[in-house]
Every structure is written in C-alpha cells, then in structure tokens.
Amino acid sequence: MAIGFEGRVAIVTGAGGGLGREHALALAKRGAKVVVNDLGGARDGSGGSATPAESVVAEIRAMGGEAIANAASVTDFAAVHAMVQAAMAEWGRVDILINNAGVLRDKTFAKMDLDDFRFVMDVHLMGAVNCTKAVWDIMREQNYGRIVMTSSSSGLYGNFGQSNYGAAKMALVGLMQTLSIEGAKNDIRVNCLAPTAHTRMTEDLGARLPLELLGPDTVSPGLLYLVSEDAPSRCILMAGAGGFERAYVTLTQGIRAVGDDAPEQVAARFAEISDRTGEIVPDMGPAQGMIELAKAQAEADQSAGLLP
C-alpha cells in the first residue's frame, strides 16, 4: 500500500533547509499539512530569520499543499508551545513531530568550552524534549502520534571532535526508548532516524564523502515510513545515499563473577563477557537485572543440587 498522509498534521523543526526541508516537502507531497519550523540561524545557532521557513512554506503552497511558517527556537518552551497551539488553531490536531533542528559547535573535548557543550545539548536534546512535551498530551488524547528523533552515528559510535553532539544524539536514543514504552497504549510510536546527507551541517566533510550521492532526498523515504500509519516503534533507522540499515542496543549473555577475586575473573573472562552469541535486544532496561538475577539463581540451584 502507498504511504499517504491525507488529513494528518506534521511539525518539522529545522525545516528551513537541508534534511528538514526535504522532510517537510516529502510529507506535503503526500498530503500532510505542515508546520515548517526554523529559527533561521547560522550553523552554530547564532542569529535568526523567518525567511528560510517562509521560503519552504511558499514551496509547499506552490505545489498545492497547506503549510504555515514558524521561527521559534526549540530551546524556548513557551515559543514551542505557542507553535503547537497555532497548529491546533489552524488544523485542530497534531499527528506527526519530526525533531530535526540542530546546531554544530565542533571541537576536541580538550579545547571545548562548557558553554558550547551545554548549548549543543540544549538544542538537540532539550529542543526535542520541549517539542515532544508540547505535543504529548495532544497525541495521548487523540490516541495517535508519530514522533521521530534525529540521532546520528556520531552518537551511536562516536566521532572525533563531536563529544557534545555525540552525547546529545545518543541521549535522544534513550529518550526514544522510554517514550516508545510510555506512548504505546495511546498508539504513539517513537523512533530515531540517523541520517547521512550533504547539508550545511556536513559541508566540512567535503572531499571525504561522495557528496553527489548524499542528497537529503535519499534519507526522507525512511522518515516517511517511520511516521506512517504502519510505522514501527523503538527503531533506530540509519539512512543515506539510498541505503537503509537498522542499529540496535544489545545485551550479551555474559558471566557471573563473585568473591574476592571477582575483578580478576572479569579480566580473565572478558572475551566471554563480550561474546555476542545469544545476545538480545531487551524490551526494557530491567531486563539486565533479570538476566543477572537468573545467573545468581542458577548458581544457587546448582550448589543446592537442584540442577545438574
């Protein structure tokens, strides 16, 4: 079945250019009414202008779609709340939230000011929190919602000079994991998208990437699936150059080590602890404790002669 968004209302942050613009256009082409949010600042978050958001709204309207522009900073909860209320006043619902707004202030950790660390965390993490909080009760009352956090391989796997960005992007995975559990009973599905695309956020990579293959349009198909009627939940979808992969946070079976020499046991058996045979993707965080307690119980049962 074709994926469509007739009657759906979407908010896309950071949609004045790059990936956000492509997401907004793709949603509008398939029938969604779109709030195009963009502060209109520089890549480092300085400055601001409503022009980028208004330009994308003009593109959507020119192709027969419905859209409104918004230039709120995602770091300002009052302004974000007002944006959501404007969408409700215009269309009466909010079905989709794409947390895409972001900034870069790259430096090695040794050279990074804490203000730059905090600011990047504030935009990426708290910006997503602010926007999600502003739509959460609406989606609960509707018994329908689709939310995407924009994560990154820099958060999942690390990248030199991006400790602030990587920390924020991995934090969004943790936010997604819990919100997907809490939102399930109201059909609120929450996922992460980790894109690779040529935008102003990645322009410094230049010669290291075949930029002609990395258009934002090659990422948005994955985004459309993640916010569709039949979307998954708790998915980390990687996307770039037309390639799509899925990342998982897994847990190995490990060992049990107790006693005075437990540290030495951990050291001696670290390869066994790291063995990925039988690893799982836990349904919830407490799965770790259940596995550890099961090891302890099995050892106790064996000592008592209850197990061979």
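Residues numbered from 1 in each chain as written. Predicted model: local features only at pLDDT ≥ 70, side-chain atom pairs only at ≥ 80, totals over all residues. Heavy atoms only, no water.

Caption draft 1: Main features of the overall build of the protein. If you tally the helices and strands in the protein, you get 10 helices and eight strands. Within the structure as shown, the protein displays about 15,200 Å² of accessible surface, and the carbon and sulfur contribution to it stands at 54%. Positive and negative charge centroids in the protein, built from 26 and 36 side chains respectively, lie 3 Å apart. (Helix = DSSP H or I, 4+ residues; strand = E, 2+ residues; numbered from the N terminus. Areas by Shrake-Rupley, 256 points an atom, 1.4 Å probe, with all protein chains shown as cover. Lys, Arg positive; Asp, Glu negative; His and termini not counted. Charge placed at Lys NZ, Arg CZ, Asp CG, Glu CD.)

Caption draft 2: Spotlight on the packing of aromatic side chains. Throughout the structure, instances matching the rule amount to one aromatic pair. With a centroid separation of 6.3 Å and 80° between ring planes, the pair formed by Phe 109 and Phe 117 is classed as edge-to-face. With relative accessibility at 19%, the residue Phe 117 sits in the buried group. One Lys or Arg, Arg 8, reaches over the ring of Tyr 144 and ends 3.7 Å from the middle of that ring. (Phe/Tyr/Trp six-rings, centres within 6.5 Å; stacked < 30°, edge-to-face > 60°. Buried < 20%, exposed > 50% of the residue type's maximum accessible area, 1.4 Å probe, protein only. Lys NZ or Arg CZ within 6 Å of the ring centre and 35° of its normal.)

Caption draft 3: Representation of the pattern of salt bridges within the structure. Applying the stated criterion to the full structure yields 12 salt bridges. When the shortest N-O distance is used, the salt bridge between Arg 8 and Glu 229 registers 3.1 Å. Placement of the pair is Arg 8 in the segment before strand 1 (9–12) and Glu 229 in the loop between helix 7 (220–226) and strand 7 (236–240), with a sequence separation of 221 residues. One salt bridge in this structure joins Asp 137 and Arg 140, with 3.4 Å as the shortest N-O distance. One end of the pair, Asp 137, and the other, Arg 140, are both in helix 4 (residues 114–142), three residues apart, so they sit about a helical turn from each other. Salt bridges sharing common partners tie together Arg 8, Arg 93, Asp 95 and Glu 229. (Salt bridge = Lys/Arg side-chain N within 4 Å of Asp/Glu carboxyl O.)

Caption draft 4: Expanded view of the sheet that holds strand 2 (residues 33–37). The strand order across the open sheet formed by eight strands is 3-2-1-4-5-6-7-8, and the pairing between neighbours is mixed. Looking at the sheet topology across the chains shown, the edges are occupied by strand 3 (67–70) and strand 8 (243–247). Each strand axis lies, on average, 20° off the axis of its neighbour in the sheet, ignoring direction. Bridge count for strand 5 (residues 145–150) against strand 6 (residues 188–195) is six bridges, and the pairing is parallel. Bridge pairing in strand 6 places Val 148 opposite Asn 191. Contacting strand 5, strand 6 and strand 7, helix 6 (residues 163–183) crosses the sheet at an angle of about 160° to strand 6. (Pairing = 2+ DSSP bridges. Axes fitted to C-alpha atoms, helices over the stretch in contact; angles between N-to-C directions. Contact = heavy atoms within 4.5 Å.)

Caption draft 5: Local environment of the nonpolar core. Counting residues in each nonpolar core, the largest one holds 41 residues, and the members touching the most others are Ile 11, Ile 147, Met 149, Val 190 and Ile 236. Elements supplying a minimum of two residues to this core: strand 1, helix 3 (77–91), helix 4, strand 5, helix 6, strand 6 and strand 7. (Core = buried A, V, L, I, M, F, W, Y, C linked by side-chain atoms within 4.5 Å.)

Caption draft 6: Focus on the state of the cysteines. Within this structure, the stated rule accounts for zero disulfides. Not part of a disulfide, Cys 235 finds its nearest cysteine sulfur in Cys 192, a span of 8.7 Å. (Disulfide = S-S within 2.5 Å.)

Caption draft 7: Spotlight on the pairing of strand 4 (residues 96–99). Side chains Ile 96 and Ile 98 of strand 4 all project onto a buried face; the interleaved residues Leu 97 and Asn 99 project onto the opposite face, where all are buried too. Summarising the sheet, strand 1 and strand 4 pair through three bridges and their orientation is parallel. Residue pairing for strand 4: Ala 10 is matched across the bridge by Ile 96. Bridge count between strand 4 and strand 5: four bridges; the pairing is parallel. Among the inter-strand pairings, Ile 96 is bridged to a residue of strand 5, identified as Arg 146.

Caption draft 8: Just the environment of Asp 261, in detail. Examined against the element boundaries, Asp 261 turns out to sit in the loop between strand 8 and helix 8 (262–268). Residue classification places Asp 261 among the partly exposed positions, given a relative accessible area of 41%. Within polar-contact distance, the side chain of Asp 261 engages the side chain of Gln 265 at 2.8 Å. (Polar contact = N/O pair within 3.5 Å; in protein donor to acceptor, adjacent residues only side chain to side chain.)

Caption draft 9: Quick peek at helix 3. Taking 1.5 Å per residue as the helical rise, helix 3 with its 15 residues ought to reach 21 Å, and the 21 Å between its terminal C-alpha atoms agrees with that figure. When we look at burial in helix 3, the residues that qualify are Val 80, Met 83, Val 84, Ala 87 and Trp 91. Projected down its long axis, helix 3 shows its buried positions confined to an angular sector of 95°, all on one face. Along helix 3, the residues that are exposed and aim more than 90 degrees away from the buried face are Ala 78 and Ala 89. Along its buried surface, helix 3 packs onto strand 1, strand 2, strand 3 and helix 4. Two or three places before Ala 78, at the start of helix 3, stands the capping residue Asp 76, its side-chain oxygen 3.2 Å from that residue's backbone nitrogen. (Expected span 1.5 Å × (residues − 1). Arc of directions from axis to C-beta.)

Caption draft 10: Examining the packing of helix 1 (residues 18–29) against helix 2 (residues 51–62) more closely. It is at 10 Å that the axes of helix 1 and helix 2 come closest, and there the two elements cross at 25°. The orientation of helix 1 relative to helix 2 falls into the category roughly parallel. Relative to helix 2, helix 1 is oriented so that their crossing is right-handed. Across the interface between the two elements, Arg 21, Ala 24, Leu 25 and Ala 28 from helix 1 touch Val 56, Glu 59 and Ile 60 from helix 2. Considered class by class, the residues forming the contact of helix 1 with helix 2 number five nonpolar, no polar and two charged. (Parallel < 35°, antiparallel > 145°, perpendicular 65-115°, else oblique. Left-handed = near helix turned anticlockwise from the far one by under 90°. Nonpolar A, V, L, I, M, F, W, Y, C, P; charged D, E, K, R; others polar.)

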